[in-house]
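An overview of the molecular structure
This is what each chain is made of:
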Amino acid sequence: MKIERIETFLVPPRWLFCRIETSDGVVGWGEPVVEGRAEVVRTAIETLSEYLIGQDPLQIERHWQVLSKGGFYRGGPVLSSAVAGLDHALWDIAGKVYGAPVASLLGGRVRDRVRVYAWVGGDEPAAVADAVAEQVEAGMTAVKMNGSGRIQPSPSVAEINDIVARLSAARGALGDTRDVAIDLHGRVGVAGARRILRAVEELQPFFVEEPVLPEHMVHLAEVVGASTVPVALGERLYHRADFVAPLSAGVAVVQPDVSHAGGISELRRIAVFADTHGAMVAPHCPLGPISLAASLQVAFATPNFLIQEQSRGLHYNVASDLTSYVTDPTPFTWVNGHAEWNPLPGLGITVDEAAVRAADKTGHAWRNPVWTHEDGSFAEW
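Parameters and conventions
Residues numbered from 1 in each chain as written. Predicted model: local features only at pLDDT ≥ 70, side-chain atom pairs only at ≥ 80, totals over all residues. Heavy atoms only, no water. Disulfide = S-S within 2.5 Å. Buried < 20%, exposed > 50% of the residue type's maximum accessible area, 1.4 Å probe, protein only. Helix = DSSP H or I, 4+ residues; strand = E, 2+ residues; numbered from the N terminus. UniProt positions renumbered as here; feature names shortened; annotations may be inferred. Core = buried A, V, L, I, M, F, W, Y, C linked by side-chain atoms within 4.5 Å. Domains from an automatic or database assignment. Polar contact = N/O pair within 3.5 Å; in protein donor to acceptor, adjacent residues only side chain to side chain. Contact = heavy atoms within 4.5 Å. Buried area = accessible area lost by both parts, 1.4 Å probe.

**Things to note about the state of the cysteines**
Counted according to the given criterion, the structure contains zero disulfides. There is no disulfide at C18, and the cysteine sulfur nearest it, in C285, is 15 Å away. Residue C18 is classed as buried on the basis of its relative accessible area of 0%. Residue C285 is classed as buried on the basis of its relative accessible area of 1%.

**Regarding unusual backbone geometry**
Here the bond from P12 into P13 is cis, since omega is 10 degrees, no more than 30 degrees from zero. Take P13: it is sitting in the loop between β1 (3-11) and β2 (15-22). In this model, H185 sits at a positive phi of 55 degrees, which is unusual for a non-glycine residue. Mapped onto the secondary structure, H185 falls in the loop between β6 (179-183) and α7 (190-200). Positioned with a positive phi, E210 is a non-glycine residue whose angle comes to about 45 degrees. Summarising the element assignment, E210 is placed in the loop between β7 (208-209) and α8 (220-224).

**Some points on the environment of R37**
Tracing the sequence through the fold places R37 in the loop between β3 (27-30) and α1 (38-52). Between the C-alpha atoms of R37 and W366, which are 329 residues apart in sequence, the distance is 8.1 Å.

**Structural notes on the UniProt feature "domain: Mandelate racemase/muconate lactonizing enzyme C-terminal" (unreviewed entry) in the protein**
As recorded in UniProt, the sites labelled "domain: Mandelate racemase/muconate lactonizing enzyme C-terminal" (unreviewed entry) are residues 125-230. Across residues 125-230, the secondary structure splits into 44% helix and 11% strand, with the terminal C-alpha atoms separated by 23 Å.

**Some details on the nonpolar core**
Counting 65 residues, the largest nonpolar core has F17, L86 and I264 as its most contacted members. Two domains each provide a minimum of three residues to this core, namely domain 1 (3-100) and domain 2 (104-346). V143, L167, V200 and A249 belong to the second-largest nonpolar core, a separate cluster that totals 43 residues.

**Notes on the side chain of N342**
Residue placement: N342 occurs in the loop between β12 (338-340) and α12 (353-362). From its side chain, N342 meets the backbone oxygen of G348 in a polar contact 2.6 Å long. Not counting the four nearest positions on each side in its chain, N342 is found in contact with P101, P331 and G348.

**Side note on the domain arrangement of the protein**
One can read the domain layout of the protein as domain 1 (3-100) and domain 2 (104-346). Spacing between the C-alpha centres of domain 1 and domain 2 amounts to 25 Å. Across the contact, 31 residues belong to domain 1 and 31 residues belong to domain 2. Both sides of the domain 1 and domain 2 interface together cover about 2,500 Å² of buried area, and 64% of this is carbon and sulfur. On the domain 1 side of the interface with domain 2, the three residues burying the most area are W15, W64 and W91, jointly 24% of the side's total.

Written out as structure tokens, the structure is:
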């Protein structure tokens, strides 16, 4: 059996899928994308395909090594995301060939269901409370929300109080038996992050995500040590070596993205590395159905897994949602805030190929917003 054909599909709302077909007719699907740079990743897939065509698809680790290290210049989000999508598809093929879910090929499941969290929006505390109440009604046990909108790198007292008010509203709607995490998106500086962590400490968030940017990692230990609030980060880290500094600084939760950090193969290694530091894994995944399916396979087989991000109802997905490109939505139907074990082979989903090909004819050119502060200077989005 050889790899015979590799295709990519640019599908709304902001996703890129890849399809690998073998000489035996087995098809695997992956989701390689950098949000806002999907076309660039598509070109990287074309380049990497030169190596893969004609190869045995079951030699996954061999291919990962060549795809990741075969070029003198390595790493970065574009290359790592291209490798990730190809890696998903190869694992999908392997599972279908062996008649087993990918989690079984990773050593078998260590849990029977995977906890997931929902995104909630709302700029005002009242809107946050209403959005959280809807998720509670739907059976969710955890939510995540933006800590703020546009905010100064050195936040004002009013801006910090607004974060506390919104988090307090969410906590009031959730009670003490459910969890709320907040995402700061690296929008504030190191000193501002310390102040925010202290301000929200009494509300006991599940974790505070990306309090500072990856480039400020040298000061991360100061941020982690500022309070007892668990610190999480990792969506903008692409290789296990990138996690040495944050794990050494004492982060409680790492959040590699299976579509950015080298795929299933590397996500699994990052999880093992985190385990040696007593850290948990909460994979980043605001993307499409293939990316989430790949993440869930790792989650079922990972002892130090904490919770899984997912994009059902996410504000980006107005035109298309998780179920738009699969023939059966069951794998993405949450039961009491959890994904149930899925025994189907490979990634456990059946991609609606006709829908994907039709969507690719329209494509998309999604770009993230570019923000500025009131004085016209650049603001972190």
